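# Structural characterization, general
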Amino acid sequence: MLTKTLFAVLLGALAAAQPPRAPARASIAKVDWIAGAWTGDGKGATFEERWTPPAGGAMLAVSRTLKGDRMVAFEFLRIVERDGGLVYVAQPNGRPPTDFVLTEVTADSATFENPAHDFPKIIRYAKRADGALEARVSDGGQRGETYIFRRTP
């Protein structure tokens, strides 16, 4: 009989062994709902993302995380049209860019993946019914973090 821990490890290994999903076809207009200024908090920190509206085949953003009156992290972000699809480009703390390819898009969600990256492997944005923006980063298995943002003026 498998223990819960062993089952979770096997499930994670199976998820990691899955071949990468095919890129989804989409234009930048499909994710225009991400545009705006967003703020959330949790775990003793405040996090912000500010996304430009789509223009020229791209959206640009800056993100920062604050603890008290101190910035503890920042990130430069882009969503760009490339090869008939979209690519999410992340540069945490000014490091070199990492690409995540759009693999699924609906009217209210977008999933970007890079199975070769250490963490995260998946970045998913979703519009919630209450108007909030949900961002989830994960390894595709058990490890992940969810951020809930509210639109700020």
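Residues numbered from 1 in each chain as written. Predicted model: local features only at pLDDT ≥ 70, side-chain atom pairs only at ≥ 80, totals over all residues. Heavy atoms only, no water.

## Focus: the packing of aromatic side chains
For any pair of aromatic rings, the description rests on two quantities: the centre-to-centre distance and the angle between the ring planes. On inspection of all chains with the given rule, the structure shows eight aromatic pairs. A ring pair is formed by Trp-51 and Tyr-125, whose centres lie 6.2 Å apart and whose planes are at 90°; its orientation type is edge-to-face. With Trp-51 in strand β2 (residues 45-51) and Tyr-125 in strand β8 (residues 122-127), the pair connects residues that are 74 residues apart, well separated along the chain. Judged by its relative accessible area of 4%, Trp-51 falls in the buried class. Accessibility expressed as a relative area gives 1% for Tyr-125, which makes it buried. Judged by centre distance (6.3 Å) and plane angle (80°), the rings of Tyr-88 and Phe-100 are edge-to-face. Separated by 12 residues along the polypeptide, Tyr-88 in strand β5 (residues 85-92) and Phe-100 in strand β6 (residues 98-106) bring together distant segments of the chain. The pair formed by Tyr-88 and Phe-100 is uniform in burial state, with each residue classed as buried. Within the aromatic cluster, the residues linked to one another by ring pairs are Trp-51, Tyr-88, Phe-100, Phe-112 and Tyr-125. Looking at Arg-143, its charged tip hangs above the ring of Phe-119, at a distance of 3.8 Å from the centre. (Phe/Tyr/Trp six-rings, centres within 6.5 Å; stacked < 30°, edge-to-face > 60°. Helix = DSSP H or I, 4+ residues; strand = E, 2+ residues; numbered from the N terminus. Buried < 20%, exposed > 50% of the residue type's maximum accessible area, 1.4 Å probe, protein only. Lys NZ or Arg CZ within 6 Å of the ring centre and 35° of its normal.)

## Describing the sheet that holds strand β7 (residues 109-113)
Strand order in the closed barrel made by the 10 strands is β1-β2-β3-β4-β5-β6-β7-β8-β9-β10, with antiparallel pairing throughout. Taken pair by pair, the neighbouring strands of this sheet meet at an average axis angle of 25°, ignoring direction. Pairing between strand β1 (residues 36-42) and β2: seven bridges, direction antiparallel. Pairing of Gly-42 across the sheet is with Ala-45, part of β2. (Pairing = 2+ DSSP bridges. Axes fitted to C-alpha atoms, helices over the stretch in contact; angles between N-to-C directions.)

## Examining the environment of Arg-78
Turning to its location among the elements, Arg-78 is positioned in strand β4 (residues 70-82). Arg-78 sits 19 residues away from Met-59 along the chain, and the two C-alpha atoms are 5.6 Å apart. Among residues more than four places away in sequence, those in contact with Arg-78 are Trp-51, Met-59, Leu-60, Val-87, Tyr-88, Val-89, Gln-91 and Pro-97. Within the structure, Arg-78 has its side chain in polar contact with the side chain of Gln-91 (distance 3.1 Å). (Contact = heavy atoms within 4.5 Å. Polar contact = N/O pair within 3.5 Å; in protein donor to acceptor, adjacent residues only side chain to side chain.)

## Describing the nonpolar core
With 29 residues, the main nonpolar core has Val-31, Trp-51, Ile-79, Tyr-88 and Tyr-125 as its most contacted residues. Those elements that place two or more of their residues in this core are β2, β3 (58-67), β4, β5, β6, β7, β8 and β9 (133-138). What Trp-51 contacts, discounting residues up to four positions off in sequence, is Ile-34, Ala-35, Gly-36, Trp-38, Met-59, Leu-60, Ala-61, Leu-77, Arg-78, Ile-79, Tyr-88 and Tyr-125. (Core = buried A, V, L, I, M, F, W, Y, C linked by side-chain atoms within 4.5 Å.)

## Considering the confidence of the model for the chain
Atom-level detail of predicted coordinates should not be read off regions where pLDDT is low. On average, residues of the chain score 90 in pLDDT, and 87% of them are at 70 or above. The low-confidence segment residues 1-17 (pLDDT under 50) makes five contacts with residues lying over four places distant or belonging to another chain. (pLDDT = per-residue confidence, 0-100.)

## Observations concerning the pattern of salt bridges
Summed over the entire model, instances satisfying the criterion amount to seven salt bridges. Taking the shortest distance from any N to any O, the salt bridge between Arg-21 and Glu-104 comes out at 3.5 Å. Here Arg-21, found in the loop between α1 (4-17) and β1, pairs with Glu-104, found in strand β6; they are 83 residues apart in sequence, far enough to count as distant. Residue classification places Arg-21 among the partly exposed positions, given a relative accessible area of 41%. Between Arg-128 and Asp-130 there is a salt bridge; the shortest N-O distance is 3.3 Å. Of the residues examined, Asp-130 reaches a relative accessible area of 42% and is grouped as partly exposed. Within the structure, one salt-bridge network assembled from shared partners comprises Arg-128, Asp-130, Glu-134 and Arg-150. (Salt bridge = Lys/Arg side-chain N within 4 Å of Asp/Glu carboxyl O.)

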